[in-house]
Amino acid sequence: MSFSPHPPSLSVGNSIQEQRDRWERKRSRATKELVQTEQHYCQQLELVTTFFVEILKAKGTLKEDVREGIFSSIKSILSMNQSLLVHLENGYIGRGLEQFCSHLHHYNTYVDNISTANKMLGIHLKKNKAFRRFKKLQEARPQFSNQKLEDLLQMPVQRINQYKHFLQDLAANTSPDHPEFEQLSRAVDAVCEVSQRIQDNAQCHENHLQLCRVQKLLKGRKTRVLAPGRWFIREGWLKIVPPKGSEAKPKMFFLFSDLLLEARGCSPLSLSNGEKFVSQHAYPLQDAAVEKVFGHTRSQGGLLSLTFPRAKLLLMSSNHDDLNDWYQCLSSAIRKLQSKHTVVLQRDELCHRPLRSAVDHTNPVRKRNMASVEPWEHAQKPLAELECSTPKRTKQSTDAEQSAEASTSSCVIL
C-alpha cells in the first residue's frame, strides 16, 4: 500500500495553480505575438495610405470615385487599428478590443468592396497609362519589399482571419473570472461574424465566375444562366436512355440550385464553336423527384430516374462514383428548393390569414353557417359556370396564364 507524501487537498490545489500558470504563459505568448503582428500591419497600412492614397489624391491621377472604389475604407481602418495598437502596447487588451469591435463596420465595407476594387484596379491599369507608371514606381520602393498593390489591398481581409485565431487563443487561455474574459468573448464573436462575411463573399464571387463560365460555353444568348439566387453545383456527361429502347445518347448536363440544363456539343468541325454547347432543355427542379433505378452497389455504373410534371428522364453513367455524386447533388438541390418553397408558402398563408378581431360579431350563428356551406357550394359549382360568368377576354387571359404556369413548372424547350 503506497502513501502520498502530500495531503490530497494540497495536490489538488497545486494542479489548479499549475493549470492557471499554463494558461497565463499561453496568454502572454499570444498577446506578444498579437502586438508584434499589429505593429507590422499598421506600418504596412500607413505605407499604402501615404504612398498610394494621399499621393494619388494630390496628383489627381485618378478621379475621386475611382480612388475610393479601389481603396475603399482603408484610411478609416488605419485609424482604428492605430488606436487598437496603442491599447495593446499599454496592456489594455480588453478595452482596446472592445473599442476596435465597435468600428468593425469599416472592415465590413472593405470586404464587401474587395472584388469590385480588384476589378476596377485592373480596368484602370489597362486604360490609364499615368496610373500604370505611378503604380510601378511606388511598388519599387524598398519599404514594400517587392509587394504588388494587388497583394497590399488584401491585407485587411487577411488580417481579419489572423484576428480570429489570435482572439480565440486569448479567450481559450483566459479564466472565466478574469476581468477581460467577457470583452474577449464579445470580440471573438464580432470578428468571427466578419470572417464569415468574407467567406460568404468569396463563395458568391466564385459562384458568379462559374455562372459566367457556363454562359460563355453556351452558344447564342437564348439561355440566360445568370439569375439572382442561382448557384452552380456541378456539370458532366450523362447518357439519356430513350423510352423506345434505341441507343442511349450522351448529353452534357449543368446542374444549378433551381435548374437542370441539358445541352449537346457543337460540331467539332466548327472553328468558332467547337468547344461550345447548344442548350436543348431546361428542367425546373421545383416539382422534380429523383431515384436510383439501379446502381446501389459497387457495380459498373447505374441508372437515375428524374421525374418532372410533364417529362421524365432516365440518365445512365458507367461510373458508379460519378452516378452516386449526381444522385446526391440532385437530391440535395431538390430537397433544399422544395423546403424553401414550403417555408414561403407557410409565410404567405400566415400573412393572408384574417385576424379574429376583424370578424363581424353581429351574427355569429349566420357566420358559422356560411363558413360551413360556402366551401361545399364552391366545390359543387361546375367549372363551366365559373368561366361563363367572366367576360370572354378575361377567359382568354386566364387560359394563357394557366398555360404559362404549366409550362414554367415542366420542361422548358429552349
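Residues numbered from 1 in each chain as written. Predicted model: local features only at pLDDT ≥ 70, side-chain atom pairs only at ≥ 80, totals over all residues. Heavy atoms only, no water.

1. So, the overall build of the chain
Put simply, the rule is: Going along the chain from the N terminus, every DSSP run of H or I of four or more residues is numbered as a helix, and every run of E of two or more is numbered as a strand. Working definition: with a 1.4 Å probe on protein chains only, accessible area under 20% of the residue-type maximum means buried, over 50% means exposed, and in between means partly exposed. Per-residue and other accessible areas were derived by the Shrake-Rupley procedure at a 1.4 Å probe size, with only the shown protein chains allowed to occlude residues.
Of the regular secondary structure elements, the chain holds 13 helices and eight strands. Out of the 414 residues belonging to the chain, those deemed buried represent 35%. Total accessible area computed for the chain in this model is approximately 26,300 Å², and 54% of it derives from carbon and sulfur atoms.

2. Thoughts on the side chain of Lys135
Which entries qualify depends on this criterion: Polar contact is the term for a pair of N or O atoms within 3.5 Å; when the atoms are in protein, one must be able to donate a hydrogen and the other to accept it, and sequence-neighboring residues count only if both atoms are side-chain atoms. Contact criterion: two residues are considered in contact whenever any of their non-hydrogen atoms come within 4.5 Å of each other.
With respect to the helices and strands, Lys135 occurs in helix α6 (residues 129–139). Residue classification places Lys135 among the buried positions, given a relative accessible area of 9%. Within the local environment of Lys135, its side chain forms a polar contact with the side chain of Glu150, the two groups lying 3.5 Å apart. Residue contacts for Lys135: discarding those within four places in its chain leaves Phe52, Leu125, Leu149 and Glu150.

3. Here's the deal with the pattern of salt bridges
What counts, and what does not: Whenever Lys or Arg places a side-chain nitrogen within 4 Å of a carboxyl oxygen from Asp or Glu, that contact is recorded as a salt bridge.
Taken as a whole, this structure holds 12 salt bridges when the rule is applied. Through salt bridges with shared partners, a single ionic network connects Lys135, Glu139, Lys148 and Glu150.

4. Describing the packing of helix α3 (residues 74–89) against helix α5 (residues 105–127)
This is how it is decided: Axis geometry follows a simple rule: fit a line to the C-alpha atoms, using only the stretch in contact for helices, then measure angles between N-to-C directions, giving values from 0 to 180 degrees. For a crossing to be left-handed, the near helix must be turned anticlockwise from the far one by less than a right angle; the clockwise case is right-handed. Gly falls in the polar group here, along with every residue not listed as nonpolar (Ala, Val, Leu, Ile, Met, Phe, Trp, Tyr, Cys, Pro) or charged (Asp, Glu, Lys, Arg).
Running from N to C, α3 and α5 cross one another at 145 degrees; their axes reach a closest spacing of 9 Å. For the pair α3 and α5, the crossing hand works out as left-handed. For the pair α3 and α5, contact is made by Ile74, Ser76, Ile77, Met80 and Asn81 and by His106, Tyr107 and Tyr110, respectively. Classifying every residue of the contact of α3 with α5 by side-chain character gives five nonpolar, three polar and no charged.

5. Quick look at a positive patch on the surface
Basically, it comes down to this: In this scheme, patches are assembled from residues that exceed 30% relative accessible area and form no salt bridge. Like charges are connected within 9 Å, while nonpolar side chains (Val, Leu, Ile, Met, Phe, Trp, Tyr) are connected within 5 Å. Positive: Lys, Arg. Negative: Asp, Glu. His and the chain ends are not part of the count. The atom standing in for a charge is NZ when the residue is Lys, CZ when it is Arg, CG when it is Asp and CD when it is Glu.
A contiguous patch of positive charge on the surface is contributed by Arg22, Arg25, Lys26 and Arg29. Position of Lys26 relative to the elements: it lies in helix α1 (residues 8–59).

6. Some words on the confidence of the model for the chain
Formally: Confidence of the prediction at every residue is given by pLDDT, a number between 0 and 100.
Chain-level statistics for the chain give a pLDDT mean of 81 and a share of 75% at 70 or above. Within the chain, the element-level pLDDT minimum falls on helix α12 (residues 383–388), averaging 34, and the maximum on α3, averaging 97.

7. Overview of unusual backbone geometry
Positive phi is not limited to glycine here, since Ser72 has a value of about 50 degrees. Residue classification places Ser72 among the partly exposed residues on the basis of a relative accessible area of 24%. At Ser145, a position not held by glycine, the phi torsion is positive, near 50 degrees. Secondary-structure assignment places Ser145 in the loop between α6 and α7 (149–152). The exposure class assigned to Ser145 is exposed, which follows from its relative accessible area of 54%.

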